[in-house]
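# Per-entry structural report
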Number of protein chains: 2
Amino acid sequence: MTKNVYYFGKIKTDGNKTMKKILGGKGANLAEMSNLGIPVPPGFTLSTEICDYFNKHAQHYPEDLKKEAENNLHLLEKEMDMKFGDAHKPLLLSVRSGAAISMPGMMDTILNLGLNDESVKDFAETTGNARFLWDAYRRLIQMFGNVVNQIDSELFEDVLSRVKNMRKVTLDIDLSADDLKLVVEQYKEIYKDEIGKEFPQDPHDQLWSAIDSVFKSWSNTRAKKYRELNNITGLLGTAVNVQTMVFGNMGEDCATGVAFTRDPSSGEDKFFGEFLVNAQGEDVVAGTRTPQEITKENSIRWAKNNNVSSKERIEKYPSLEELMPKVYKELFAIQKQLEDHYEDMQDLEFTIQKDTLFILQTRTGKRTASAAVKIAVDMVKEKMIDKDTALMRVEPDQLNQLLHPSFDDKEKEKAEKENRYLAKGLPASPGAAVGKVVFYAEEAVKWKERNEKTILVRTETSPEDISGMDASQGILTVRGGMTSHAAVVARGMGKCCVAGCGDINIDPKAKKFYVDDHVIKEGDFISIDGSTGEVFEGKIGTKSPEFSEEFEQLMKWADERARLHVHANADTPKDSDIAKNFGAIGIGLCRTEHMFFGENRIDFVRGMILADSPEERIYPLEELKKNQIEDFKGILKVMQGFPVTIRLLDPPLHEFLPDIKDEEEIQKLSKKFKKSAQDIKARINQLKEFNPMLGHRGCRLGITFPDIYDMQIEAIIESACSLKKKGINAKPEIMIPLVSDVNEYDFIEKRARIIASRIIDKSGIDLQYKVGTMIEIPRACLVADEIAEHAEFFSFGTNDLTQMGFGFSRDDSGKFLKQYKEIGIFARDPFQALDQKGIGALIKIAIEKGRRTNPKLVIGICGEHGGEPSSVEFCHKVGLNYVSCSPFRVPIARLAAAQAVIKNPK
Amino acid sequence: MTKNVYYFGKIKTDGNKTMKKILGGKGANLAEMSNLGIPVPPGFTLSTEICDYFNKHAQHYPEDLKKEAENNLHLLEKEMDMKFGDAHKPLLLSVRSGAAISMPGMMDTILNLGLNDESVKDFAETTGNARFLWDAYRRLIQMFGNVVNQIDSELFEDVLSRVKNMRKVTLDIDLSADDLKLVVEQYKEIYKDEIGKEFPQDPHDQLWSAIDSVFKSWSNTRAKKYRELNNITGLLGTAVNVQTMVFGNMGEDCATGVAFTRDPSSGEDKFFGEFLVNAQGEDVVAGTRTPQEITKENSIRWAKNNNVSSKERIEKYPSLEELMPKVYKELFAIQKQLEDHYEDMQDLEFTIQKDTLFILQTRTGKRTASAAVKIAVDMVKEKMIDKDTALMRVEPDQLNQLLHPSFDDKEKEKAEKENRYLAKGLPASPGAAVGKVVFYAEEAVKWKERNEKTILVRTETSPEDISGMDASQGILTVRGGMTSHAAVVARGMGKCCVAGCGDINIDPKAKKFYVDDHVIKEGDFISIDGSTGEVFEGKIGTKSPEFSEEFEQLMKWADERARLHVHANADTPKDSDIAKNFGAIGIGLCRTEHMFFGENRIDFVRGMILADSPEERIYPLEELKKNQIEDFKGILKVMQGFPVTIRLLDPPLHEFLPDIKDEEEIQKLSKKFKKSAQDIKARINQLKEFNPMLGHRGCRLGITFPDIYDMQIEAIIESACSLKKKGINAKPEIMIPLVSDVNEYDFIEKRARIIASRIIDKSGIDLQYKVGTMIEIPRACLVADEIAEHAEFFSFGTNDLTQMGFGFSRDDSGKFLKQYKEIGIFARDPFQALDQKGIGALIKIAIEKGRRTNPKLVIGICGEHGGEPSSVEFCHKVGLNYVSCSPFRVPIARLAAAQAVIKNPK
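This structure is a prediction, so every number in the text was calculated from the model and none was measured.

### With respect to the nonpolar core
Counting 296 residues, the largest nonpolar core has Ile717(A), Phe796(A), Ile717(B) and Phe796(B) as the members making the most contacts within it. Those residues in contact with Ile717(A) that sit more than four places away from it in its chain are Ile734(A), Ala756(A), Ile759(A), Ile760(A), Leu767(A) and Tyr769(A).

### Things to note about the packing of helix H23 (residues 573–581) of chain B against helix H25 (residues 614–638) of chain B
Residue and element names in this part refer to chain B. Packing of H23 against H25 brings their axes to within 8 Å, and their N-to-C directions diverge by 15°. The angle between H23 and H25 falls in the class roughly parallel. You can see that H23 and H25 cross each other, and the crossing is right-handed. Contact with H23, carried on its side by Pro-573, Ser-576, Asp-577 and Lys-580, involves Gly-634, Ile-635 and Val-638 of H25 and no other residues of that element. A per-class count over the contact of H23 with H25 returns three nonpolar, two polar and two charged.

### A word on the sheet that holds strand E12 (residues 421–424) of chain B
All names here are of chain B. The strand order E12-E22-E21-E14-E15-E16-E17-E13 describes an open sheet built from eight strands, whose pairing is mixed. Either end of the sheet is taken by a strand with one partner, and the two such strands are E12 and strand E13 (426–429). Strand after strand, the sheet turns through a mean of 30° between neighbouring axes, direction not considered. Across three bridges, the pairing between E13 and strand E17 (residues 496–499) is antiparallel. In the sheet register, Pro-427 faces E17, and the bridge partner there is Val-498. Of the strands in this sheet, strand E14 (432–438) and strand E15 (454–458) are in contact with helix H19 (residues 441–449), which crosses E14 at around 105°. Here helix H21 (residues 485–493) sits on the sheet and contacts E13, strand E16 (474–477) and E17; the angle it forms with E13, its principal contact strand, is near 45°.

### Things to note about the packing of helix H15 (residues 369–381) of chain B against helix H22 (residues 549–561) of chain B
Residues and elements named next belong to chain B. Two numbers describe how H15 lies on H22: the axes approach to 9 Å, and their chain directions differ by 70°. In terms of axis orientation, H15 runs roughly perpendicular to H22. Taken together, the residues of H22 that come into contact with H15 (itself represented by Val-373, Lys-374, Val-377, Asp-378, Val-380 and Lys-381) are Glu-549, Glu-550, Phe-551, Gln-553, Leu-554 and Trp-557. Of the residues that constitute the contact of H15 with H22, the class distribution is six nonpolar, one polar and five charged.

### A look at the side chain of His696(A)
With respect to the helices and strands, the residue His696(A) is situated in the loop between helix H27 (677–687) and helix H28 (699–704). In this structure the side chain of His696(A) is engaged in a polar contact, spanning 2.8 Å, whose partner is the side chain of Thr704(A).

### Some thoughts on the pattern of salt bridges
Enumeration over the complete set of coordinates arrives at 134 salt bridges over all chains. With a shortest N-O distance of 3.4 Å, Glu198(B) and Lys192(B) are connected by a salt bridge. Note on Glu198(B): relative accessible area 49%, which makes it partly exposed. Overall, the relative accessible area of 42% leaves Lys192(B) in the partly exposed class. In this structure, Glu848(B) engages Arg852(B) in a salt bridge whose closest nitrogen and oxygen atoms are separated by 3.0 Å. Note that Glu848(B) and Arg852(B) are positioned in helix H35 (residues 839–853) at a spacing of four residues, about one turn of the helix. It is possible to trace a salt-bridge network through shared partners that takes in Asp135(A), Arg138(A), Arg139(A), Lys164(A) and Asp172(A).

### So, a positive patch on the surface
A cluster of basic residues, Lys661(A), Lys688(A), Lys509(B), Lys661(B) and Lys688(B), forms a positive patch at the surface. As for its placement among the helices and strands, Lys509(B) is situated in the loop between strand E18 (504–507) and strand E19 (512–515). Accessibility expressed as a relative area gives 78% for Lys509(B), which makes it exposed.

### A word on helix H24 (residues 602–610) of chain B
Residue and element names in this part refer to chain B. Most of H24 is tucked away, with nine of its nine residues classed as buried. All buried positions along H24 are accounted for by Ile-602, Asp-603, Phe-604, Val-605, Arg-606, Gly-607, Met-608, Ile-609 and Leu-610. Residues of H24 that are buried sit in contact with H25, helix H26 (663–673), helix H27 (677–687) and helix H29 (706–725).

### Structural notes on the environment of Ser266(B)
Residue and element names in this part refer to chain B. The topology assignment puts Ser-266 in the loop between strand E6 (255–260) and strand E7 (272–277). You can call Ser-266 partly exposed: its relative accessible area is 28%. Through-space distance from the C-alpha of Ser-266 to that of Ala-372 is 8.5 Å; in sequence the pair is 106 residues apart. Not counting residues up to four positions away in its chain, the partners in contact with Ser-266 are Ser-370, Ala-371 and Lys-374. There is a polar contact of 3.1 Å between the side chain of Ser-266 and the backbone nitrogen of Glu-268.

### Regarding unusual backbone geometry
Despite not being glycine, Gln150(A) has its phi angle at roughly 55°, a positive value. With respect to the secondary-structure elements, Gln150(A) resides in the loop between helix H5 (130–149) and helix H6 (153–167). In this structure, Asn278(B) is a non-glycine residue whose phi angle is positive, near 50°. Tracing the backbone shows Asn278(B) in the loop between E7 and helix H10 (281–286).

### A few points about the sheet that holds strand E10 (residues 356–364) of chain A
In a beta sheet, neighbouring strands are held together by backbone hydrogen bonds and run either parallel or antiparallel to one another. Residue and element names in this part refer to chain A. Strand order in the open sheet made by the five strands is E8-E7-E6-E9-E10, with antiparallel pairing throughout. Two strands in the sheet have a free side with no partner beyond their single neighbour: strand E8 (292–293) and E10. Of the pairings in the sheet, the one linking strand E7 (residues 272–277) to E8 comprises two bridges and is antiparallel in character. Its bridge partner lying in E8, Phe-275 is registered against Gln-292.

### Looking at the side chain of Gln398(A)
All names here are of chain A. In this fold, Gln-398 is placed in the loop between helix H16 (387–392) and helix H17 (400–403). Polar side-chain contacts of Gln-398 include one of 3.1 Å to the backbone oxygen of Arg-367. Among residues more than four places away in sequence, those in contact with Gln-398 are Arg-367, Thr-368, Ala-369 and Ala-372.

### A word on the environment of Lys225(A)
Residue and element names in this part refer to chain A. Among the secondary structure elements, Lys-225 is positioned in helix H9 (residues 221–229). Overall, the relative accessible area of 31% leaves Lys-225 in the partly exposed class. A sequence separation of 584 residues divides Lys-225 from Ser-809, and the C-alpha atoms of the two residues are 28 Å apart.

### Describing the pairing of E7(B)
Bridge count between E6(B) and E7(B): six bridges; the pairing is antiparallel. Bridging from a neighbouring strand, Val258(B) pairs with Glu274(B) of E7(B).

### Considering the confidence of the model for chain A
Mean pLDDT over chain A works out to 92, with 99% of the residues at or above the 70 mark. Here the predicted complex carries an ipTM of 0.82, next to a pTM of 0.83.

### A few points about the state of the cysteines
Residues and elements named next belong to chain B. Using the criterion set out here, one finds zero disulfides over all chains in the structure. We note that Cys-875 lacks a disulfide partner, and the nearest cysteine sulfur, in Cys-885, lies 10 Å from it. Overall, Cys-875 belongs to the buried group, its relative accessible area being 2%.

### Here's the deal with helix H23 (residues 573–581) of chain A
All names here are of chain A. Looking only at H23, the buried set comprises Asp-575, Ser-576 and Ala-579. Taken down its axis, H23 places every buried residue within 100° of arc, on the same side. Of the exposed residues in H23, the ones pointing more than 90 degrees away from its buried face are Lys-574 and Asn-581.

### Overview of the packing of aromatic side chains
Following the criterion strictly, the structure yields 62 aromatic pairs over all chains and no others. An angle of 70° between the planes, with centres 5.9 Å apart, marks the rings of Phe808(A) and Phe831(A) as edge-to-face. Taken together, the residues Phe808(A) in the loop between helix H33 (798–806) and helix H34 (814–822) and Phe831(A) in the loop between H34 and helix H35 (839–853) connect sequence positions 23 residues apart. Each member of the pair Phe808(A) and Phe831(A) is classed as buried. For the pair Phe806(B) and Phe808(B), a centre-to-centre distance of 5.0 Å together with 25° between the ring planes defines the contact as stacked. Given the relative accessible area of 2%, Phe806(B) is considered buried. Of the aromatic side chains, those joined through ring pairs into one cluster are Phe806(A), Phe808(A), Phe816(A), Tyr820(A), Phe826(A) and Phe831(A). In this arrangement the basic side chain of Lys3(A) is found over the ring face of Tyr6(A), its NZ or CZ atom lying 5.2 Å from the centre. The ring of Trp208(B) carries Lys66(B) above its face, with NZ or CZ at 4.5 Å from the centroid.

### Topic: the interface of chain A and chain B
It is common to give the size of an interface as the accessible area that goes away when the parts come together. Across the boundary between the two partners, chain A contributes 53 residues, which contact 53 residues of chain B. At the boundary of chain A with chain B, total buried surface from both sides reaches about 4,600 Å², with 58% on carbon and sulfur atoms. Of all residues in chain A, Phe690(A), Leu694(A) and Arg779(A) give up the largest surface area on contact with chain B, accounting jointly for 15% of the area buried on that side. The interface formed by chain A and chain B contains 22 residue pairs in polar contact (both at pLDDT 80 or more). At the level of secondary structure, the elements contributing two or more residues to the side of chain A that touches chain B comprise H27, H28, helix H30 (742–763), helix H31 (778–782), H33, H34 and H35 of chain A. Along the lines of polarity and charge, the residues of the side of chain A that touches chain B split into 24 nonpolar, 15 polar and 14 charged.

What counts as what
Residues numbered from 1 in each chain as written. Chains lettered and ligands numbered in written order. Predicted model: local features only at pLDDT ≥ 70, side-chain atom pairs only at ≥ 80, totals over all residues. Heavy atoms only, no water. Core = buried A, V, L, I, M, F, W, Y, C linked by side-chain atoms within 4.5 Å. Buried < 20%, exposed > 50% of the residue type's maximum accessible area, 1.4 Å probe, protein only. Contact = heavy atoms within 4.5 Å. Axes fitted to C-alpha atoms, helices over the stretch in contact; angles between N-to-C directions. Helix = DSSP H or I, 4+ residues; strand = E, 2+ residues; numbered from the N terminus. Parallel < 35°, antiparallel > 145°, perpendicular 65-115°, else oblique. Left-handed = near helix turned anticlockwise from the far one by under 90°. Nonpolar A, V, L, I, M, F, W, Y, C, P; charged D, E, K, R; others polar. Pairing = 2+ DSSP bridges. Polar contact = N/O pair within 3.5 Å; in protein donor to acceptor, adjacent residues only side chain to side chain. Salt bridge = Lys/Arg side-chain N within 4 Å of Asp/Glu carboxyl O. Patch = residues over 30% accessible without salt bridge, like charges linked within 9 Å, V, L, I, M, F, W, Y side chains within 5 Å. Areas by Shrake-Rupley, 256 points an atom, 1.4 Å probe, with all protein chains shown as cover. Lys, Arg positive; Asp, Glu negative; His and termini not counted. Charge placed at Lys NZ, Arg CZ, Asp CG, Glu CD. pLDDT = per-residue confidence, 0-100. Disulfide = S-S within 2.5 Å. Arc of directions from axis to C-beta. Phe/Tyr/Trp six-rings, centres within 6.5 Å; stacked < 30°, edge-to-face > 60°. Lys NZ or Arg CZ within 6 Å of the ring centre and 35° of its normal. Buried area = accessible area lost by both parts, 1.4 Å probe.

Given below as structure tokens:
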């Protein structure tokens, strides 16, 4: 006979922590704790194999199951010296689901099984604790009704509220035994009304109905969807844990609480937790009573923070250490034992029933980013874990919390209480920002000059807004997704941004925005949280990021372990400096177009565009070149010794021209470049495009207006030579964007080599430089073998590759991508996490073809995905040389790169 | 010793027609004709191997070459009984290039080599034909100066003009020997001024300089570019033909002419040609003298056409048959011999020198499409060639001429003479159209109602213009390329279209367009030629296409040979009918969106879009469904027995909404659907997209607004069932557009199957239908294995696949694609001929993956490329089941499909 039921308790324990597959996570941990001799309420687990059988056999159980379960129940009764269904001293049970992977989609818990009309009365008499037992009974009916029979919980809650109102009390605990008896009567009526049957009085019926429900819940729509969305496959089903009830609410010698083996907020190696006397677990969660600290040290600290005197503290809020020193000592020892055993910080649930301690659950404790880093590094020092384990203990994305300022928790709570919450958009670029609302980029610049902090609020942003974005504290946009212009630029700047906040309505002329009927005017303070997408009215205090010693240590270990290099996308010396400080060992993408929007430059850019002939372009190009040389020198100097990959001009020219209705600007240009206003407007019209993303941009510009690229190439090589002359090791790389065909690449590369040789020969400097290309057009992947023959490097532009590979633009796809995620067409937004199946296949083709004709080819990625952990792992697996990402994501990428090595052993 | 020089003449002939590789096309043909005993002026050919040697050895010849050439020259002198360089009776030679493939990029011809100051005088005395010899000498200096030494021809032409002015004559022939002597003197001065040396007097210097030049010209930039653009590789070089000069201009017993073995215009098996008495070949080409007909029959016909009396005819323009009956007879026999020998219609050049006939060249004759068809079919009947050869003899694209009306040649000539030519755009959709200019689609519709023919002139067209396009005779647009909306739709309609005609300037408000200063107003007649792109003012008469018996025969042979099926893209019963008549055996793409623009429908489409909830959409959708059922019934009925692939709605919704400034239309909608004008405008704004091509369209609409697709699916299945009930074999196929992921496909397919089953079950009809998808998104190719698991067919949408694969839109790429072709980045516009290397690679991946999971998968193509011959061949090679194209291209595709089989034997 196959074993289907696994006992855990003092008498014997059948399972252990390695048996998650058939006992589920919870069951395996209960068995493990029992094995360790930790006081766990005994019980037994029905294996996941039964769930599998149940689903494959029209919801029937294997023949011998009931008998096996009854045998285990008898064992339990023996261990507890109580009887399930006994009227006088009944054994009460809980039933809980528990798969190998935690699954919020499933049915969870039913407590107090075994009570009925008879036993509740008898037992109340036996124990003299009637209130407690009526409360337990009404909880049973409510949970059973809701979980097993899908009766709306509100029906029960309404009864409870009505009785409380009647008795004029606010807390459940203030209801008497008689009140609860009344509640039970009404609950039973609801049950009968809804189900058409009486609440089952046979405890075995209760038990098996509960077990059935758990097994059925494995296949409900919610659970299936959850597994689908989270790619959970290969599980047999859920296990069911049947466990003895223990109670923390049987009197003053009872308590319940949660504890962490280390401080989950700071990561300090200090036992930490909270408890409530005479309470059940859900009371701790509900927050209606103020919980007390477990350790004396924390209790003193808590009192200090809450301005409570030490006298008041010890009277009103004594710590468990002080209140129940014996139990505390036992708990302390157990938590130490568990952490040592599991080799990670644990989150425990415990109940004290009449001075006896029970551990209900242990699991890996959730923690803040800084705690995660500290705990991981400390545990290595304590020789509890090795470095690889430490590196795997921190979620790379979590580090985001550490790299940006954030709102002070207290202040944010206060703002919420004061109803200053306005709206929620997408958390487009993390951090927290406070400032006065402005609606135009120029305003942000002007206000900054008079030292006023602003938040730039726009329907959407365009390259023209760059200086305004830079001048503001943060950006809030109505339209656009996680990879909209605002989001991408803001992340690059490390600037807080909330994008796509559709709930606000901007009236830019009136300089106001509305949230429903609420008005915010220019100059009003708002606070935006780029990590959550929240927008608040008024100011909320922020706190700055600080890098701990442990953070630096972990990053060092990561670099030692990673194979991928991490570069950064940066367009200015300032950003390059930030990137270097965050550990970037190169600039993987320096976009030159942002440089074109500077106050003194945009006119020359426009002059260049308006020119009717190469001759007319000479003057504006020369002016621009002077500026570009300064730009490049700055970045190359900051990054000396490291490669700096400079992308030649990419966006379509119309992005640089003024709006056709901007008469003032057009007049200005007309004078400056001696063109009639009509000609300028004609040019603006001529350059308009139906689909700018698929338009006249990138190398297509470089080929049709070769003098623009020539100027940029000259500026790059001249600045590098001039630095080298001063002994600064400049390592420029020229990157050609938007190549789809080898002829495009060759055309520009040839010119670049000629220009570079001329300048290098003339200067007599031994400058090393590279020429390569972005791979961002699907076709480029398919002809990568040809392109690689002359290219020294490839850099995947995965933003464009995703856009063109999927055929949807990041600006326009927001509308349907949201719905796609909701109905499960896409599990993740492909602009956020690289689509490994489709776009990844293109990337693999390009790598394979590229390396075939050029084994020395250096390959990287410089799209937004370069800083996203799952994408970084993909880059590692397919053999890229480096990833390049926003400066503020460099540490994330470094950690992800290390984890990729650990997760994919050779 | 390797043989490098090949003699051809009566004494001996070393080569033959199979030796094109080393003798070039011309040399091999001259040898072949000599072998056949045809009177060819004798000479010798320097092989292409010498060219190869010359290029590989710093322009030096093999050691023995000069000796070998001299030996051949001696042989030639012997055969001709003349001496090269002799003063009294010099042998004169021509030097011509000639590679295995005809190459316009190379240097061509130098005539009269061997003349110098001395011999011209002596020879003039000997022959008593001084004028002829001075003319020959001045031609030598001019050609030699220009071809060998790159002296600008205009310098020489200026001298000739000056002397003619001085003598007050207009024709060269009116200059006397003395005049030409003067010309020669001045030519020699020009030569000396430009080169710094005297014109070479040594005939051997002349000869070798000419030979050197030809060999050098193989490597000049123009020739290299030509080979690159035309993908000519693997040739050794050019050969050089040195040949005895014969003269048609030595007196009245001399003549020169060209002849075709059959009529190149009609294809009739009648000898055809023209000649001039006492003239050189170039005089025939120059057109300053009226050439005479070769046969009497044609001469009579010519006289009739030109209103010349038979007396005048025989006096002024006698045929060669009448004038030189003996020579004519010889010529007639030779042409017959040559055609029989080469098994194809030949184009001959001949010269009669003092009553002696010489054939200078024979080559395959160019012919019109109808001639090509007739000749091919006739020759099969004559058992000269087999059917495969006949099928290969017609260029598929040539058939275009036969399928559309065209301008009457005479009338077009007249228009040109009257300076009515206005401008030239792209030949976007073939045919000829005449009509009154209108600037708005609605006008075209209105004018049609009063039976006025119009040409719709627009900056560009959009789906809203469809009915106007349909109502007009032809379409002329300022913007857009060969695959712009106007071009694609017009080709689909078989309607003449000239697109991207940038020389015209439209002022739509004033209802005028300008070409420079010239104004054309609404209502003025214009004539447009969609086969050439020309635009004329006023009317030009047209002639309609007629299908000859031979055409039908050839098409039948094609169908017997082809493996690919040919379907058509058609959206209406009318177009389907045309397609069927052209031989389509299915509709490969029925676009449903054009149906939405009908007068009675667009409002409901708009109502559907403006609806705020599925409930509000019910009414407009029901109205639309009624219409769609009629549409589908019509097409399915026409195509009964054949599959009709109906694509679900594809374009983004904003294309259907009125312009936001169209207050009138918005008011109308406001009333009809009870929405405020403000709400309607808000919706218009909301639906605006940055890159509509990459926007919310195709299946993305079908997923976010499932009721729209549901309606279309119902309409398709219901109409098919209702036809089947009447015994009409409707075979509908539902095609889901713009799929990028299997989940998108599955979502819609599942709904389609449920809806279809419900309707089929209810009707009790045994309807067979298919569900499949367009493959037009690059990513779809990479995940085709997943999609094919449930899809019954794939249809490559190569327009979008090209757009997204290359990352440029067909609407915006015109600007740079033109330049790309000019500078040789692209050999062909990838929107016209499928890019086999890149986009083709994606297609191959999709086929391989698709068939791997679904071996029964039917695969076709429905992009514009489906009717382009090289793309059809690609489709054949990669194993598609069918191609689908515009109705008017169906015969082209059928022929191309047959040729693909012949060209690619298994």
